[in-house]
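Observations on the model geometry
Read off the chains here:
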Amino acid sequence: MPAQSAAPGPAPDRPDREARDDSDLLAALLDGMDAALCAFDADGIVTHWNREAERVLGWTAAEAVGRKGLAGWAAREADADEVQRRLMAVLDTGARQVHEFALVTKDGGRVLVRTQSSPVSGEDGRPSGVYCAFSEVHSQIDLERSIALSEALLEDASWNVVLVDADLRVAVVNGNAARALRTGRKAVLGRPLGDLLDQGVEEVESALQHVLAEGAPPAPTELWVTLREADEDLEMADAIRYEDLEEGEAVVRAVGPGAPGAASLRRCWRSGFMRLASPLTEEPVPLGVAWIFQDVTDVKAHEQESARMRFRSSQLHRAARAAAECEDPMEAATVHLDFALAGFADHALVDLVRMPLEGDGVRLVRVVATPCDSPGLCPPTVPGGIPVAYPEGHPALQAVERCGAVRTSASRTDEVALAQWTAARKWPDGTVHGLCAVLRSRGRTLGVATFLRGPTRRAFDRTDAVYAEDVAARVAAAVDLAGRAGGC
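What counts, and where the lines are drawn
- Residues numbered from 1 in each chain as written.
- Predicted model: local features only at pLDDT ≥ 70, side-chain atom pairs only at ≥ 80, totals over all residues.
- Heavy atoms only, no water.
- Helix = DSSP H or I, 4+ residues; strand = E, 2+ residues; numbered from the N terminus.
- Buried < 20%, exposed > 50% of the residue type's maximum accessible area, 1.4 Å probe, protein only.
- Contact = heavy atoms within 4.5 Å.
- Pairing = 2+ DSSP bridges.
- Polar contact = N/O pair within 3.5 Å; in protein donor to acceptor, adjacent residues only side chain to side chain.
- Core = buried A, V, L, I, M, F, W, Y, C linked by side-chain atoms within 4.5 Å.
- Axes fitted to C-alpha atoms, helices over the stretch in contact; angles between N-to-C directions.
- Parallel < 35°, antiparallel > 145°, perpendicular 65-115°, else oblique.
- Left-handed = near helix turned anticlockwise from the far one by under 90°.
- Salt bridge = Lys/Arg side-chain N within 4 Å of Asp/Glu carboxyl O.
- Phe/Tyr/Trp six-rings, centres within 6.5 Å; stacked < 30°, edge-to-face > 60°.
- Lys NZ or Arg CZ within 6 Å of the ring centre and 35° of its normal.
- pLDDT = per-residue confidence, 0-100.

1. Overview of the environment of Val-201
With respect to the element layout, Val-201 can be found in helix α8 (residues 201–214). Given the relative accessible area of 10%, Val-201 is considered buried. Once the C-alpha coordinates of Val-201 and Thr-226 are considered, the two residues, 25 residues apart in sequence, prove to be 8.3 Å apart. Apart from residues lying up to four places away in sequence, Val-201 is in contact with Leu-193 and Gly-194.

2. Comments concerning the side chain of Ser-118
Its place among the elements puts Ser-118 in strand β4 (residues 110–121). Residues in contact with Ser-118, not counting those within four places in the same chain, are Val-90, Arg-96, Gly-129, Val-130 and Tyr-131.

3. A short note on the pairing of strand β7 (residues 170–173)
Here strand β6 (residues 160–165) pairs with β7 via three bridges, running antiparallel. Its bridge partner lying in β7, Leu-163 is registered against Val-172. Linkage of β6 to β7, two consecutive antiparallel strands, is achieved through a turn of four residues, within which Leu-168 is found at a positive phi near 65 degrees.

4. Re the side chain of His-347
With respect to the helices and strands, His-347 occurs in strand β13 (residues 347–353). A residue is classified by how much of its surface remains accessible, and His-347, at 7% relative accessible area, is buried. Within the local environment of His-347, its side chain forms a polar contact with the side chain of Thr-370, the two groups lying 3.1 Å apart.

5. Let's talk about the nonpolar core
Counting 37 residues, the largest nonpolar core has Phe-344, Leu-439, Phe-451 and Val-471 as its most contacted members. Elements represented by at least two residues in this core include exactly α10 (297–323), α11 (329–341), β13, β14 (364–369), β16 (433–441), β17 (444–453) and α14 (462–484). Among the elements that line this core, the one with the most residues is α14, at ten residues. By size, the runner-up hydrophobic cluster in this structure holds 28 residues, among which are Leu-193, Val-204, Leu-223 and Trp-269.

6. Looking at the environment of Asn-160
Within the element layout of this structure, Asn-160 appears in strand β6. Linking Asn-160 and Trp-291, residues 131 residues apart in sequence, is a C-alpha distance of 8.1 Å. Leave out the neighbours within four places in its chain, and Asn-160 touches Asn-174, Asn-176, Ala-177, Ala-180, Trp-291, Ile-292, Phe-293, Gln-294 and Asp-295.

7. Quick word on the sheet that holds strand β1 (residues 36–41)
Here we have five strands laid out as an open sheet, ordered β2-β1-β5-β4-β3, and antiparallel in their pairing. The open sheet terminates on both sides in strands that have one partner only, identified here as β2 (46–49) and β3 (97–104). Strand after strand, the sheet turns through a mean of 30 degrees between neighbouring axes, direction not considered. Where β1 lies against strand β5 (residues 127–136), six bridges are found, and the strand directions are antiparallel. From the neighbouring strand, Ala-39 faces β5, where its bridge partner is Tyr-131.

8. Some words on the packing of α10 against α11
Where α10 meets α11, the closest approach of the two axes is 9 Å, and the angle between their N-to-C directions is 155 degrees. Here α11 runs roughly antiparallel to α10, going by the angle between their axes. Like other packed secondary-structure pairs, α10 and α11 cross with a definite hand, here right-handed. In this structure, α10 contributes Gln-315, Arg-318, Ala-319, Ala-320, Ala-322 and Ala-323 to the contact, and α11 contributes Ala-332, Val-335, His-336 and Phe-339.

9. A word on the sheet that holds β7
Spatially, β7-β6-β12-β11-β8 is the arrangement adopted by the five strands of the open sheet, whose pairing is antiparallel. At either margin of the open sheet sits one strand with a lone partner, and together these are β7 and β8 (221–226). Recorded for the sheet is a direction-independent mean angle of 35 degrees between the axes of neighbouring strands. Pairing between β6 and strand β12 (residues 285–295): six bridges, direction antiparallel.

10. Regarding the pattern of salt bridges
A full pass over the atoms with the stated rule returns 23 salt bridges. Note that Lys-106 is salt-bridged to Glu-63, the shortest N-O span being 2.8 Å. Pair noted here: Lys-106 is in the loop between β3 and β4 and Glu-63 is in helix α3 (residues 61–64), with a separation of 43 residues, a long-range link. With a relative accessible area of 44%, Lys-106 lands in the partly exposed category.

11. Examining the pairing of β5
Bridging between β4 and β5 involves nine bridges; their strand directions are antiparallel. Across the sheet, residue Val-113 finds its bridge partner in β5, namely Glu-136. What sits between the antiparallel neighbours β4 and β5 is a turn of five residues, in which Gly-125 has the positive phi angle 85 degrees.

12. Some points on unusual backbone geometry
A positive phi angle is found at Arg-182, which is not glycine, with a value near 60 degrees. Mapping Arg-182 onto the fold places it in the loop between α7 (175–180) and α8. The exposure class assigned to Arg-182 is exposed, which follows from its relative accessible area of 57%. Not every positive phi belongs to a glycine, and Lys-426 is a case in point at roughly 60 degrees. Here Lys-426 falls in the partly exposed class, since its relative accessible area comes to 40%.

13. Things to note about the packing of aromatic side chains
Throughout the structure, instances matching the rule amount to eleven aromatic pairs. For the ring pair Trp-49 and Phe-134, a centre distance of 6.4 Å and an interplane angle of 50 degrees mean the geometry is tilted. Of the two residues, Trp-49 sits in strand β2 while Phe-134 sits in strand β5, which places them 85 residues apart along the sequence. Like Trp-49, the residue Phe-134 is buried in the burial classification. An aromatic cluster of at least three residues, connected via ring pairs, comprises Trp-49, Trp-59, Trp-73 and Phe-134. One residue, Arg-67, lies across the ring of Trp-59, its end atom 5.8 Å from the ring centre. A cation over an aromatic ring shows up here: Arg-312 above the ring of Tyr-467, its NZ or CZ 4.7 Å from the ring centre.

14. Section: the confidence of the model for the protein chain
When pLDDT is averaged along the protein chain, the result is 80, and 80% of the positions lie at 70 or above. Here strand β9 (residues 239–244) stands out as the least confident element of the protein chain, with mean pLDDT 32; β16 is the most confident, with 94.

Printed below as a string of structure tokens:
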């Protein structure tokens, strides 16, 4: 008995299914576009109309598809021929064209749109139709303005602009910002801020993280930062050099980490922040932060210097009034030092010359010193006549020899090296910066006043030396009076 064969079923309609799938995919793509889009065949009949076109003009796809041209519905009769001619002109030119038209909405209003029309080629390569993307002109202008603003900020802005991503890595910098960071525009891309900034990077990153989480702050903020030095500068950590400044003033400066020379890299940046979010998501997703800043270091330094000068002038005035009430001249000298220490230094010492400058050289005897364990008042000490064992080249001895101020700072801040540096100079523990000002009265060198600062303070600068010399002149007058009266 022959085996029965199964009756063949109907052949699957694959071409129709594929055509239907392609049509559905095309419709989904068109409806998902952000730009309004319509298409015409070679005869000018509308073949496609997406949802964005319906949103702009109000006409649905069912109402638009199949119409010949735009006359009588999407364009006024007086304008329809010119609009249609210019749209279909790409069939002859074969190149994309941009036009602006006034189209009619379903409710009778008019909308100025900007269109980009391009030819559609058939299988034989010949133009078979036209597709046209359009949007409201004001929306396009807003986009162009946004792009122009971005380009201007990143190219021509006088402010410094840095864009960082959500990981706080540099994404874009403009030319001014690259110069402020002392780097190139391309060299900085993708690097964390810690590679560019030394001190202050925590504050900057904290501000950026706050903007990413909470949004932009209501007002600009001022951030103090220190730029990271080049590696070749760091190799000179132990180098010491002597530099003559003005009359009689000298500075002993360490070149390297923590040295006073690094202060030139400290900058104050007035900063504003803007959170960057993607407009293409349902909920705003932060893409990063725009950091716009301006260097106001000179302005802030001038403000600080003015406030410092006003305070010091007030202190000198108060010290003079208080010293005038002292019967003992040495007490008056210590009063001047007590007032000078406020906001200026942690410790003060006064050493007087007890041997002539000829012969064995300068010998200094301690007569005034603040407590070594903590900052405090400057009580006079009982001069025992034994000179302080200052080594050769000590800043106090240099001040006497030069008849001027001498500044010095420790080259290294690790505990062992700093302790050795301080002990060698016979100064209290924790001293990092010193300033020695000579005591001069009636044309004679009486001694040296030394002001000392700890690691939490900055190094002495030239303005500090001028102030110290002013205080030293008042102290010298009191010490000279005490010597004439036999007080020391």
